[in-house]
Amino acid sequence: MTSAPSPAPAPPRPGVTVVVLGAGAGNRVGAGVNKVLIELAGRPLLAWSLTHALATTGVDRVVVVAAPTEHAEVADALSAYLPQDGPDGGPEVALVPGGTSRHGSEWAALQAVAGHVEAGRTDVVAIHDGARPLASPALFDAVVAAARRHGGALPAAATHGLVAADLTPAPRGLVGVQTPQAFRARPLLEAYRAAARDGFEGTDTAATFERYAGLPVVAVPSTPANLKVTWPEDLALAEELLSAR
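Residues numbered from 1 in each chain as written. Predicted model: local features only at pLDDT ≥ 70, side-chain atom pairs only at ≥ 80, totals over all residues. Heavy atoms only, no water.

**Student:** Explain the nonpolar core to me, please; I cannot follow it from the model alone.
**Tutor:** Counting residues in each nonpolar core, the largest one holds 29 residues, and the members touching the most others are Val18, Leu46, Val62, Val64, Val74, Leu78 and Ala182. Taken together, the elements giving at least two residues each to this core come down to β1 (15–22), α1 (45–54), β4 (59–66), α2 (71–78), β6 (122–129) and α5 (137–150). Discounting residues that sit within four places of it in the chain, valine 62 has contacts with Val18, Val20, Leu50, Ala53, Leu54, Glu92, Val93 and Ala94. If you look at the next biggest cluster of nonpolar residues, it comprises 23 residues, including Ile127, Leu189, Tyr192 and Ala206. (Core = buried A, V, L, I, M, F, W, Y, C linked by side-chain atoms within 4.5 Å. Buried < 20%, exposed > 50% of the residue type's maximum accessible area, 1.4 Å probe, protein only. Helix = DSSP H or I, 4+ residues; strand = E, 2+ residues; numbered from the N terminus. Contact = heavy atoms within 4.5 Å.)

**Student:** Just to check I follow, could you spell out the pattern of salt bridges for this structure?
**Tutor:** Opposite charge on two side chains permits them to pair, given that their charged atoms come into close proximity. Taken as a whole, this structure holds 8 salt bridges when the rule is applied. Aspartate 60 is the salt-bridge partner of arginine 61, the closest N and O atoms lying 3.1 Å from each other. (Salt bridge = Lys/Arg side-chain N within 4 Å of Asp/Glu carboxyl O.)

**Student:** Would you mind going over the pairing of β6 with me for this structure?
**Tutor:** Looking down a regular strand, the side chains alternate between one sheet face and the other. β6 sits mainly inside the fold: 7 of its 8 residues count as buried. Bridge count between β1 and β6: 7 bridges; the pairing is parallel. The residue of β6 that forms the bridge with threonine 17 is valine 125. Relative to strand β9 (residues 181–184), β6 runs antiparallel, the two sharing 4 bridges. Following the sheet pairing, valine 124 is matched in β9 by arginine 184. (Pairing = 2+ DSSP bridges.)

**Student:** Help me understand the side chain of threonine 17, please; the structure alone is not making it clear to me.
**Tutor:** Mapped onto the fold, threonine 17 is located in strand β1. A distance of 3.4 Å separates a polar atom in the side chain of threonine 17 from a polar atom in the side chain of threonine 122. When residues no more than four places from it in sequence are discounted, the contact partners of threonine 17 are Asp60, Arg61, Val63, Val113, Thr122, Val124, Val125 and Ala126. (Polar contact = N/O pair within 3.5 Å; in protein donor to acceptor, adjacent residues only side chain to side chain.)

**Student:** Can you walk me through the packing of aromatic side chains in this structure?
**Tutor:** The relation between two aromatic rings is expressed through the spacing of the ring centres and the mutual angle of the planes. Counted by the stated rule, this structure contains 2 aromatic pairs. Arranged with centres 5.8 Å apart and planes meeting at 70 degrees, the rings of phenylalanine 200 and tyrosine 212 form a pair that is edge-to-face. With phenylalanine 200 in the loop between α6 (185–198) and α7 (205–212) and tyrosine 212 in helix α7, this pair connects stretches of sequence that are 12 residues apart. Positioned above the aromatic ring of tryptophan 48 is the side chain of arginine 43, whose terminal nitrogen or guanidinium carbon lies 4.2 Å from the ring centre. Directly above the ring of phenylalanine 200 sits arginine 211, whose terminal nitrogen or CZ lies 4.2 Å from the centroid. (Phe/Tyr/Trp six-rings, centres within 6.5 Å; stacked < 30°, edge-to-face > 60°. Lys NZ or Arg CZ within 6 Å of the ring centre and 35° of its normal.)

What is shown is where atoms sit, not what they do.
Listed below in structure tokens is the structure:
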């Protein structure tokens with residue numbers, strides 16, 4: 001009497017890819033180096049974004065985008081914060097050269113993971129600005145979950161005290177858009193392929209996705225604490241916020 005064959009194992013659930021953009025110059029912060037390499041509370045600013053990206057639920061790869069001339073410097077700065085080899089392995093971390101614009105860097109990262117997307121191993125891609133070191137893993141999880149439900153998602157925080165160019169009060173209800181922004185992987189890849197054919201460059205990932213994917217992008221509540229380091233005083237504020245956690 002032969003036993004029934006064992007059921008085939010279920011295929012693994014598609015994972016999340018997080019792209020961390022670190023190819024900008026950051027001239028306004030006035031440090032003389034790419035701002036993502038500036039030390040923040042004892043580690044490079046970019047390492048905070050990498051650490052939070054690696055803690056995202058379901059993440060299986062992180063793609064760090066760096067300027068081609070800074071590859072060695074960025075690799076060295078992040079080496080102490082990479083996943084340790086273990087029995088279960090860990091998320092793959094790759095370093096790819098960025099483009100001459102934000103859009104170009106996003107497109108370079110998407111081309112690097114296109115094979116995973118097309119094979120069904122990646123179902124959501126999150127794009128994060130490496131100069132936002134305080135984006136928590138919980139915020140990554142929230143935008144990923146919303147992207148799976150709706151198509152795309154981004155963090156938004158209420159803005160206050162804004163005025164128009166003629167100094168009249170700005171309309172009520174405006175929000176500031178942040179990163180990480182997350183999207184269903186295959187529509188995102190196809191959107192960037194269409195943008196490449198058209199020569200279109202979006203101001204952020206959501207702009208390109210909305211133009212070509214035909215899927216909604218929803219807002220996930222965030223706060224001004226998810227700040228982008230742009231000016232020297234932003235570093236001091238980021239240190240205070242980190243110490244208060």
